[in-house]
Amino acid sequence: MKITKVKLHNYRLYAGEQVIDLTPPCREKPVILVGGMNGEGKTTLLEGIQLALYGRMSEVLSHHGGTYAEYLDKSIHRGPDRSSGALVEVEFEAVDEDE
């Protein structure tokens, strides 16, 4: 599996809709690096991907404690648009080893 795009909407520190394109710029440079200062959202991005792929089975829950519903409620951005909820969407390509 190759993750190609992540969309975050009011998820934790990501206010509004944020779309992160993870498609490498070319075949010769197949790696995407995510960097930033402490507190800028790197771990939140990875936790969001894990939550989208594994839901209740995600290890994210074991680090935060509480129930799944409590974690989801705490994950909604605390801005003025809280009533619209939060969303994490992961787009990926399924890769067959024979191709």
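Cut-offs and rules
- Going along each chain's sequence as written, the residues are numbered from 1 onward.
- Owing to the predicted nature of the model, reporting of local features is limited to residues with pLDDT of at least 70; listing and counting of side-chain atom pairs is limited to 80 or more, with chain, interface and lining totals taken over all residues.
- The side-chain quantities take in all heavy atoms of the structure and omit both hydrogens and water.
- Any two strands with at least two DSSP-identified bridges between them are counted as paired.
- Every helix listed is a DSSP run of H or I at least four residues long, and every strand listed is a run of E at least two residues long, numbered separately from the N terminus.
- For each structure, a 1 Å grid was placed over the protein atoms alone; sets of points admitting a 1.4 Å probe that cannot get out are labelled cavities, open sets with protein on both sides within 12 Å along at least five of seven lines are labelled pockets, and lining residues have an atom within 4 Å of a point.
- Grid points are joined across faces, edges and corners, and a volume is the space filled by probe spheres set on the points.
- Note that Gly is not counted as nonpolar here; it falls among the polar residues with everything else outside the nonpolar set of Ala, Val, Leu, Ile, Met, Phe, Trp, Tyr, Cys and Pro and the charged set of Asp, Glu, Lys and Arg.
- As a rule, the C-alpha atoms of each element are fitted with a line to give its axis, helices using only the stretch in contact, and angles between N-to-C directions run from 0 to 180 degrees.

Would you take a moment to explain the pairing of strand β1 (residues 2-11) for this structure?
Note that β1 and strand β3 (residues 87-93) share 7 bridges and pair antiparallel. Opposite V6, over in β3, you have V90 as the bridge partner. Two successive antiparallel strands, β1 and strand β2 (residues 14-21), enclose a turn made up of 2 residues, where R12 displays a positive phi of approximately 50°.

I keep staring at the layout of surface pockets and nothing clicks. Help me out?
Here the idea is plain: a probe the size of a water molecule rolls over the atoms and shows the empty space left. Its boundaries defined by the atoms lining it, the largest pocket holds a volume of some 410 Å³. Residue lining of the largest pocket: 16 residues in total, with I3, L22, P24, P30 and I32 positioned closest to the centre. Contributions of two or more residues to the lining of the largest pocket are made by β1 and α1 (42-54). Looking at the lining of the largest pocket element by element, the count peaks at 4 residues for α1. The class makeup of the residues in the lining of the largest pocket is 10 nonpolar, 2 polar and 4 charged. Empty space within the second largest pocket amounts to approximately 160 Å³. Taken together, Y11, L51, A52, Y68, L72, S75, I76, A86, L87 and V88 make up the lining of the second largest pocket. Tallied by class, the residues present in the lining of the second largest pocket amount to 9 nonpolar, 1 polar and no charged.

Sorry if this is basic, but what is going on with the sheet that holds β1 here?
Two strands in a sheet stick together by hydrogen bonds in their backbones, pointing the same way (parallel) or opposite ways (antiparallel). Pairing within the open sheet is antiparallel, and its 3 strands lie in the order β2-β1-β3. A single partner strand is all that each edge strand has here, and the edge strands are β2 and β3. Between one strand axis and the next, the sheet turns by 10° as a mean value, whatever way the strands run. Pairing of β1 with β2, which is carried by 6 bridges, proceeds in the antiparallel orientation. Bridged to K7 within β2 is V19.

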